[in-house]
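# A structural walkthrough
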Amino acid sequence: MELNKQYPIANSMVVFREEFDDWAVLFDPDANETFGLNPVSAFIWKKLDGKHTTEKIINLLKEECDDVSTDAQQHIDTFLADLEKRGLVGFERA
Amino acid sequence: MDRVQNNFCMILRDNLSATCKHDIENMLLEEWNSIYHVGYCNNLLPLLYYKLKTHKISVPSQIEITLRNDYLNYSGRDLKRKSQLLEMIKLFNDNGIEHILLKGSHLAEIVYTNSALRMMGDIDILVSHKDIEKAFNVLINEGYYDGSQPDGSNIVKDVYVHHYPVLYKDNLFPVELHRYLFENNDLKNIDLIWSRAQTVNIGGMASKVMELEDMLVYTALHGLKYHTQKLGVNFLYDLHAIIIQGNINWDIVAERIKDNDWGNSKTLYSALVMTKKYLNTNIPEFFLNVIRPVDYSQKIQAIIEELILCRKIHNQTAYTFSFYLFHALKKMSFKRIAGQALFSPEQISSKTRNRYNGWRIAALYFQSVMSIFTTFLKIIYQSFGVGDNDAKKAFSAGRKAGIFTHWLES
């Protein structure tokens with residue numbers, strides 16, 4: 001199944017802290033590791049609820065931000081693959 | 001106070017005039033680097049970034065990127081700290097251990113609006129006398145280890161009278177379990193502090209913190225009397241943060257600083273005058289007039305200002321030695337110099353993490369005496385106005401702190 005038809009879902013154990021400047025921090029208590037997220041990544045993280053496909057997330061991003069690049073799908077796939085590798089996100093099948 | 005220090009304090013204030021903002025935004029890159037350095041030395045980088053953002057101050061991009069990265073790192077570190085703290089509160093509650101969160105943990109969780117803004121290096125918890133042994137063992141059973149005795153033997157719990165040996169666990173914050181608030185336990189009101197402590201909800205769990213009025217007086221006393229060498233603008237900001245909570249009852253504070261309770265009007269007055277001056281904190285004038293010590297002078301104020309603004313002291317040995325030397329000379333107490341300078345074998349054991357009855361202690365004791373002797377010679381050398389700047393600065397700060405402490409105790 002294509003990645004953009006899947007429903008990514010954030011690991012519920014991971015703590016997400018949104019900062020006052022729209023950047024954010026993720027904390028994985030199991031690994032005792034933290035990760036910084038820029039505002040776009042933070043926006044995407046908030047949509048990882050198992051109800052949005054990546055395609056839908058990009059559409060929401062386009063509504064929210066100007067100048068979303070044409071290769072956004074590729075960026076989001078890479079971002080999600082990285083999160084999956086770290087155990088921070090999983091995928092619900094449609 | 002130079003322009004950089006002045007602008008740094010202006011940035012930390014809650015309100016900023018258009019003129020000030022304009023002046024800050026017109027600083028040269030070199031001055032911005034100095035602002036960053038002042039923030040670093042005062043453990044205030046996350047707060048500096050937050051204030052710059054909330055005041056909407058334009059910052060050179062390289063400074064902004066550095067500050068943002070620092071902030072995210074501190075915020076991540078704070079999430080780890082919070083997770084550790086919650087685990088500890090759960091352990092204590094499950095085992096019926098009465099505790100009060102002290103210092104940074106209290107300030108970060110209750111006083112600061114965003115816990116990431118209050119940097120800290122360890123977790124301090126006050127535990128009741130009846131529970132402290134149990135609390136220590138509960139943490140040991142959870143994998144914490146006594147840093148003073150890596151092999152687990154000969155645990156010396158009386159070295160630092162006010163807290164048990166620091167507990168460590170890999171990649172976590174060190175933990176200090178306090179049985180008293182200060183090293184020489186010179187407080188008469190420890191039972192009152194326990195009785196006035198308030199129950200708070202931390203992450204869904206019940207814990208306790210000092211009442212805000214107690215916390216204000218404690219913070220002033222802790223900084224100005226017991227940690228003079230670590231004073232900085234962060235000390236003032238802690239007081240500012242407590243006060244802007246808006247719930248301080250100043251009449252109660254005036255009652256609490258009497259001799260039968262905290263008994264420290266001098267430290268509180270000195271600290272509040274500085275906080276008002278540098279951070280424009282709203283402290284009622286009537287209250288300051290009520291608690292103003294009769295012998296408070298411009299000279300004392302200048303000394304406190306120097307101590308707060310001179311961060312960072314690198315040469316702690318020169319500082320500590322000159323501090324005790326001048327303080328003791330003022331009191332004509334040479335016993336005190338010797339007592340502070342010549343550590344007991346138990347103290348050396350704890351500081352160097354060696355067994356206190358091991359053969360190394362004798363050698364370390366000799367080394368300690370020699371180190372004190374050479375420091376003493378160096379101080380005499382410095383007193384003739386020669387030597388490196390850092391030692392001079394440390395020597396001067398130590399001398400001033402000694403004079404100030406003498407004034408506090410007079």
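Everything that follows concerns the structure shown earlier in this document.
Summary of the structure given here. (Residues numbered from 1 in each chain as written. Chains lettered and ligands numbered in written order. Predicted model: local features only at pLDDT ≥ 70, side-chain atom pairs only at ≥ 80, totals over all residues.)

### Points about the overall build of chain A
Helix and strand counts for chain A come out as three helices and five strands. Helices and strands in chain A line up, N terminus first, as β-β-β-β-α-α-α-β. A globule of 94 residues ought to have a C-alpha radius of gyration of about 12 Å, and chain A, at 13 Å, matches this closely. Evaluated residue by residue, chain A yields a buried proportion of 19% over its 94 residues. Partitioning the intrachain contacts of chain A with sequence separation of at least 6 by distance along the chain shows that 51% fall at a separation of at least 24. (Helix = DSSP H or I, 4+ residues; strand = E, 2+ residues; numbered from the N terminus. Rg over C-alpha atoms; globule rule 2.2 N^0.38 Å. Buried ≥ 20, exposed ≤ 12 C-beta atoms within 10 Å, placed from the backbone. Contact = placed C-beta atoms within 7 Å.)

### Brief notes about the overall build of chain B
Within chain B, the regular secondary structure consists of 19 helices and seven strands. Residues counted as buried form 39% of the 410 residues belonging to chain B. Considering only contacts in chain B between residues 6 or more positions apart, those separated by 24 or more positions represent 69%.

### Here we look at the interface of chain B and chain A
Contacts between chain B and chain A engage 10 residues on the former and 12 residues on the latter. Looking at the side of chain B that touches chain A, the element that brings in the most residues is helix H5 (residues 61-94) of chain B, giving seven residues. The class makeup of the residues in the side of chain B that touches chain A is three nonpolar, four polar and three charged. (Nonpolar A, V, L, I, M, F, W, Y, C, P; charged D, E, K, R; others polar.)

### Description of the environment of Ile 123 of chain B
Residue and element names in this part refer to chain B. You can see Ile 123 is positioned in strand E2 (residues 123-127). Under the C-beta neighbour-count criterion, Ile 123 is labelled buried, with 21 such atoms within 10 Å. Remark: the alpha-carbon pair of Ile 123 and Glu 64, spanning 59 residues in sequence, is separated by 30 Å.

### Comments concerning the pairing of strand E2 (residues 15-18) of chain A
Residues and elements named next belong to chain A. In terms of strand pairing, E2 meets strand E3 (residues 24-28) through four bridges, oriented antiparallel. Each residue of the ladder has a partner; that of Phe 16, found in E3, is Leu 26. Hairpin connection of E2 to E3: five residues between the antiparallel strands, including Asp 22 at a positive phi of 75°. (Pairing = 2+ DSSP bridges.)

### Regarding unusual backbone geometry
All names here are of chain B. Positive phi, normally seen in glycine, also occurs at Lys 56, with a value near 55°. Turning to its location among the elements, Lys 56 is positioned in the loop between helix H4 (45-54) and H5. Its identity as a non-glycine residue notwithstanding, Asn 171 has a phi of 60°, on the positive side. Relative to the elements of secondary structure, Asn 171 occurs in the loop between strand E4 (167-168) and strand E5 (175-178). Take Asn 171: there are 9 C-beta atoms within 10 Å of it, and that puts it in the exposed class.

### Comments concerning the sheet that holds E3 of chain A
Two strands in a sheet stick together by hydrogen bonds in their backbones, pointing the same way (parallel) or opposite ways (antiparallel). Strand order across the open sheet formed by three strands is E2-E3-E4 (chain A), with antiparallel pairing between neighbours. At either end of the open sheet lies a strand with only one pairing partner, and these are E2 and strand E4 (33-37) of chain A. Neighbour-to-neighbour, the strand axes of this sheet turn through a mean angle of 20°, independent of strand direction. In this sheet, E4 of chain A lies alongside E3 of chain A in antiparallel orientation, the contact comprising five bridges. In the sheet register, Asp 28 of chain A faces E4 of chain A, and the bridge partner there is Glu 33 of chain A. Along the sheet, helix H1 (residues 39-46) of chain A makes contact with E2, E3 and E4 of chain A, crossing E4 of chain A at roughly 110°. Across the face of the sheet, H5 of chain B comes into contact with E2, E3 and E4 of chain A while running at roughly 35° to E3 of chain A. (Axes fitted to C-alpha atoms, helices over the stretch in contact; angles between N-to-C directions.)

### Examining helix H3 (residues 72-85) of chain A
Residue and element names in this part refer to chain A. In this model, H3 (14 residues) spans 20 Å end to end at C-alpha, consistent with the 20 Å of a helix rising 1.5 Å per residue. Buried within H3 we find Ile 76, Leu 80 and Leu 83. Down the axis, H3 shows its buried residues gathered within 60° of arc, on one side only. Turned more than 90 degrees from where H3 packs its buried face, Gln 74, Thr 78, Ala 81, Asp 82 and Lys 85 sit exposed. Among the structural elements, strand E1 (7-10), H1, helix H2 (54-64) and strand E5 (89-92) are those in contact with the buried residues of H3. The positive-phi residue at the C-terminal boundary of H3 is Gly 87, with phi of around 80°. (Expected span 1.5 Å × (residues − 1). Arc of directions from axis to C-beta.)

### Details of helix H9 (residues 212-226) of chain B
All names here are of chain B. Over its 15 residues, H9 runs 20 Å from end to end, which matches the ideal 21 Å to within 8%, given 1.5 Å per residue. Counting buried positions along H9 yields 12 of 15 residues, so the element is predominantly enclosed. Three or more residues of H9 are buried, namely Leu 212, Glu 213, Asp 214, Met 215, Leu 216, Val 217, Tyr 218, Thr 219, Ala 220, Leu 221, Gly 223 and Leu 224. For H9, the elements touching its buried residues are helix H6 (103-111), helix H8 (190-196), helix H10 (233-243), helix H11 (250-256) and helix H12 (265-279).

### Side note on the nonpolar core
Residue and element names in this part refer to chain B. Val 217 and Leu 236 are the most contacted members of the largest nonpolar core, which has 104 residues in total. When residues of this core are assigned to their parent elements, the largest contribution, nine residues, is made by H5. Setting aside anything within four residues of it in sequence, one finds Val 217 in contact with Val 253, Arg 256, Ile 257, Trp 262, Asn 264 and Leu 268. (Core = buried A, V, L, I, M, F, W, Y, C linked by C-beta atoms within 7 Å.)

### Here we look at the environment of Thr 275 of chain B
Residues and elements named next belong to chain B. Mapped onto the secondary structure, Thr 275 falls in helix H12. For Thr 275, a count of 23 C-beta atoms within 10 Å puts it in the buried group. Among all residues touching Thr 275, those that are not within four sequence positions of it are Leu 236, Leu 239, His 240 and Thr 281.

### Topic: the packing of H12 of chain B against helix H14 (residues 298-309) of chain B
Packed helix pairs are characterised by how far apart their axes lie and by the angle those axes make with each other. All names here are of chain B. The contact between H12 and H14 brings their axes to 11 Å, and the two run at 65°. The orientation of H12 relative to H14 falls into the category roughly perpendicular. Read as a crossing pair, H12 and H14 show a hand that is right-handed. Here H12 contributes Ser 270, Val 273 and Met 274 to the contact with H14, which in turn contributes Gln 301, Ile 304, Glu 305 and Ile 308. A breakdown of the residues in the contact of H12 with H14 according to their chemical character gives four nonpolar, two polar and one charged. (Parallel < 35°, antiparallel > 145°, perpendicular 65-115°, else oblique. Left-handed = near helix turned anticlockwise from the far one by under 90°.)

These values are about where atoms sit, not about what they do.
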